[in-house]
Amino acid sequence: MPKFAEISFDTVIDRNHTDCEKFDQREQRFGRADVMPLWVADMDFAAPACVRKALAQRLEHPVFGYTFPADTLYEQLCGWFARRHQWALDPAQVMLAPGVVPSLFACVQALTQPGEGVLVPTPVYPPFLGAVQQTGRELIQSPLRETERGYTLDFEHLEREAANARMLLLCSPHNPVGRVWRADELKALIDLALRHRLVVVSDDIHCDLTYLGEKHLPLATLAPPELRLITALSPSKTFNIPALNLSALVVAHRGDSNAIQKYFQRQRVNPYNPFALVAFEAAYREGDAWLEALRAYLGANRQLVAEFQQVHPILRCHLPQASCLIWLDCRALSLSDPDLSAFFIEKARLGLNEGISFGMGGEGFMRLNIGTQKRVLELALAQLAASLKEF
Ligand SMILES: Cc1ncc(COP(=O)(O)O)c(C=O)c1O
């Protein structure tokens, strides 16, 4: 086999003893090391061959001194978003950052004052809540509305609360509910933001992980120039390289990018790790075919969950339109949140994320990560099925 061939998504790769959070922190996280880890949002798949090859080539040069991003990196980023998302983003608006979470914290701190309100549709990826609460801003949660067909934004609630807010944090596509927001929803959000003079931060980290047939729409492609918009992008979820810690912010207004830049400079943050830079560029240059195969693979895993749900209707979910995450509605089990966690750990022997950590609307839910080999997921679902017998 050539050194940098693609590794099948079906190949189970032993991640134990690699200091990886998902496997090696099970004891610490769940109190026992024998749970199947289906929590933190990385996938159990090898990175694409193009990424591994670029990293190996960089390693051949033995000096790892201070580095800066090449122009070709910006070209590949722009090329990717143009061909995959029909977004002709302006390289002059791009700023590299160490990761999306540090960027969320930076945006909140650079563009709002302590005590100001930040509007966040929930449930949501927990660091959205932390970026507001841990920086002394006022968290205004706007619970998503659940309908027969899935989750939607609650525009009445958002409208009521927007008057008290300075910023809106959007997750697009949405973690954990898996929604790909439609054009009409995004346009309504833009109108709301313009009317209430909100700065909008759109975290598009899951934008490439749509299921076949779904299409992500960058808010930026619909927004007028007057909207103060920051979009966070990264190849980290797309290509399963999140620990390389590199992301890009696309900042529409110069004043906002100056403020964010200044914030990062004050922290002395240098995101230019030479390995992250070459991986980022190679993934956006050559990763299309790998991503297409991944999207199909995740689709088959999602189908396993759909079939499971038919047989075990006591657990419900709206199948995600994007991301490897399933927002599992366990309310029909009638367990308190601590008992629900204990059920998954002690009875099903599965390590999932607890819904309550995702803010309002998370009670009675668990988040399941299906970014793993089919046979691992089948085993996990079999364990869950066996544990549900007592209900
Ligand atoms: C919506 C969202 N944003 C950001 C991140 C993490 O970003 P980073 O690792 O670049 O800080 C995640 C990881 O799960 C996520 O789901």
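Residues numbered from 1 in each chain as written. Predicted model: local features only at pLDDT ≥ 70, side-chain atom pairs only at ≥ 80, totals over all residues. Heavy atoms only, no water.

A closer look at the sheet that holds strand β13 (residues 353–354)
Part 1 of the reasoning: The strand order β11-β14-β13 describes an open sheet built from three strands, whose pairing is antiparallel. Every interior strand has two partners, whereas the edge strands, β11 (325–329) and β13, have only one.
Part 2 of the reasoning: Bridge count between β11 and strand β14 (residues 365–369): five bridges; the pairing is antiparallel. Bridging from a neighbouring strand, W327 pairs with R367 of β14.
Part 3 of the reasoning: Where helix α12 (residues 337–347) meets the sheet, its contacts fall on β11, β13 and β14, and the angle it forms with β14 comes to roughly 35 degrees. (Pairing = 2+ DSSP bridges. Helix = DSSP H or I, 4+ residues; strand = E, 2+ residues; numbered from the N terminus. Contact = heavy atoms within 4.5 Å. Axes fitted to C-alpha atoms, helices over the stretch in contact; angles between N-to-C directions.)

A closer look at the site of the ligand
Part 1 of the reasoning: In the region of the ligand, the neighbouring residues are A41, G99, V100, V101, P102, Y125, C171, N175, D203, I205, H206 and K237.
Part 2 of the reasoning: One nitrogen or oxygen atom from the side chain of H206 is found 2.8 Å from an oxygen atom belonging to the ligand.
Part 3 of the reasoning: Alone, the ligand offers 400 Å² of accessible surface; in the complex the protein occludes 91% of this.
Part 4 of the reasoning: Judged by the proximity of its atoms to the pocket grid, the ligand belongs to the largest pocket. (Near = heavy atom within 4 Å. Polar contact = N/O pair within 3.5 Å; in protein donor to acceptor, adjacent residues only side chain to side chain. Areas by Shrake-Rupley, 256 points an atom, 1.4 Å probe, with all protein chains shown as cover. 1 Å grid on protein atoms, 1.4 Å probe; cavity = no way out; pocket = protein on both sides within 12 Å on 5 of 7 lines; lining within 4 Å. Sits in = over half its atoms within 2 Å of the grid points.)

Brief notes about the sheet that holds strand β2 (residues 94–97)
What holds strands together in a sheet is hydrogen bonding between their backbones, with the strands either parallel or antiparallel.
Part 1 of the reasoning: Strand order in the open sheet formed by seven strands is β2-β10-β9-β8-β7-β3-β4, with mixed pairing between adjacent strands. Among the strands making up the open sheet, the edge pair consists of β2 and β4 (138–143). Sheet twist, expressed as the average angle between the axes of neighbouring strands with direction ignored, equals 20 degrees.
Part 2 of the reasoning: Note: strand β3 (residues 117–122) against β4, six bridges, orientation parallel. Note that in β4 the partner of G117 across the bridge is E138.

Side note on the domain arrangement of the protein chain
Part 1 of the reasoning: Once the domains are mapped, the protein chain shows domain 1 (21–48 + 288–390) and domain 2 (62–286).
Part 2 of the reasoning: Contacts between the two partners involve 36 residues from domain 1 and, on the opposite side, 40 residues from domain 2.
Part 3 of the reasoning: Summed over both partners, the interface of domain 1 with domain 2 buries about 3,200 Å², with 55% contributed by carbon and sulfur atoms.
Part 4 of the reasoning: If you sort the residues of domain 1 by the area they bury against domain 2, D288, R295 and Q321 come out on top, with a joint share of 24%.
Part 5 of the reasoning: In this structure, the connection of domain 1 to domain 2 is made through five salt bridges. (Domains from an automatic or database assignment. Buried area = accessible area lost by both parts, 1.4 Å probe. Salt bridge = Lys/Arg side-chain N within 4 Å of Asp/Glu carboxyl O.)

Digging into the nonpolar core
Part 1 of the reasoning: Residues F81, L96, L294, F344, L350 and L384 are the most contacted members of the largest nonpolar core, which totals 66 residues.
Part 2 of the reasoning: When residues in this core are grouped by element, the largest group, eight residues, is from helix α11 (residues 288–311).
Part 3 of the reasoning: When residues of this core are assigned to domains, at least three map to each of domain 1 (21–48 + 288–390) and domain 2 (62–286).
Part 4 of the reasoning: Contact partners of F344, with chain neighbours within four places excluded, come to L328, C330, R349, L350, L352, M366 and L384. (Core = buried A, V, L, I, M, F, W, Y, C linked by side-chain atoms within 4.5 Å. Buried < 20%, exposed > 50% of the residue type's maximum accessible area, 1.4 Å probe, protein only.)

Structural notes on helix α4 (residues 71–85)
Part 1 of the reasoning: With 15 residues, α4 should cover 21 Å at 1.5 Å per step; its first-to-last C-alpha distance of 21 Å lies within 8% of that length.
Part 2 of the reasoning: Those residues of α4 that fall on the buried side of the exposure criterion are L73, Y74, Q76, L77, C78, W80, F81, R84 and H85.
Part 3 of the reasoning: Looking at the packing, one finds that the buried side of α4 touches β2, β9 (229–233), β10 (247–251), α10 (274–286) and α11.
Part 4 of the reasoning: Among the residues trailing α4, Q86 stands out with phi positive, at a value near 55 degrees. (Expected span 1.5 Å × (residues − 1).)

As for the layout of surface pockets
Part 1 of the reasoning: Counted as a void, the largest pocket has a volume near 1,100 Å³.
Part 2 of the reasoning: Lining the largest pocket are 46 residues, with A41, D42, K237, P242 and A243 positioned closest to its centre.
Part 3 of the reasoning: Looking at the lining of the largest pocket, the elements that each hand over two or more residues are α1 (21–24), α3 (49–60), α5 (100–111) and α6 (126–133).
Part 4 of the reasoning: In the lining of the largest pocket, the residues fall into 26 nonpolar, 10 polar and 10 charged.
Part 5 of the reasoning: The residues that make up the lining of the largest pocket include at least three from each of domain 1 (21–48 + 288–390) and domain 2 (62–286).
Part 6 of the reasoning: Here the second largest pocket is characterised by a volume of approximately 280 Å³.
Part 7 of the reasoning: In terms of lining, the second largest pocket is formed by 17 residues, of which the most central are R149, G150, R179, R182 and Q321. (Points joined across faces, edges and corners; volume = space filled by probe spheres on them. Nonpolar A, V, L, I, M, F, W, Y, C, P; charged D, E, K, R; others polar.)

As for unusual backbone geometry
Part 1 of the reasoning: Here the bond from T122 into P123 is cis, since omega is 0 degrees, no more than 30 degrees from zero.
Part 2 of the reasoning: Tracing the sequence through the fold places P123 in the loop between β3 and α6.
Part 3 of the reasoning: Phi angles above zero are rare outside glycine, and Q86 is one such case at about 55 degrees.
Part 4 of the reasoning: One can find Q86 in the loop between α4 and β2.

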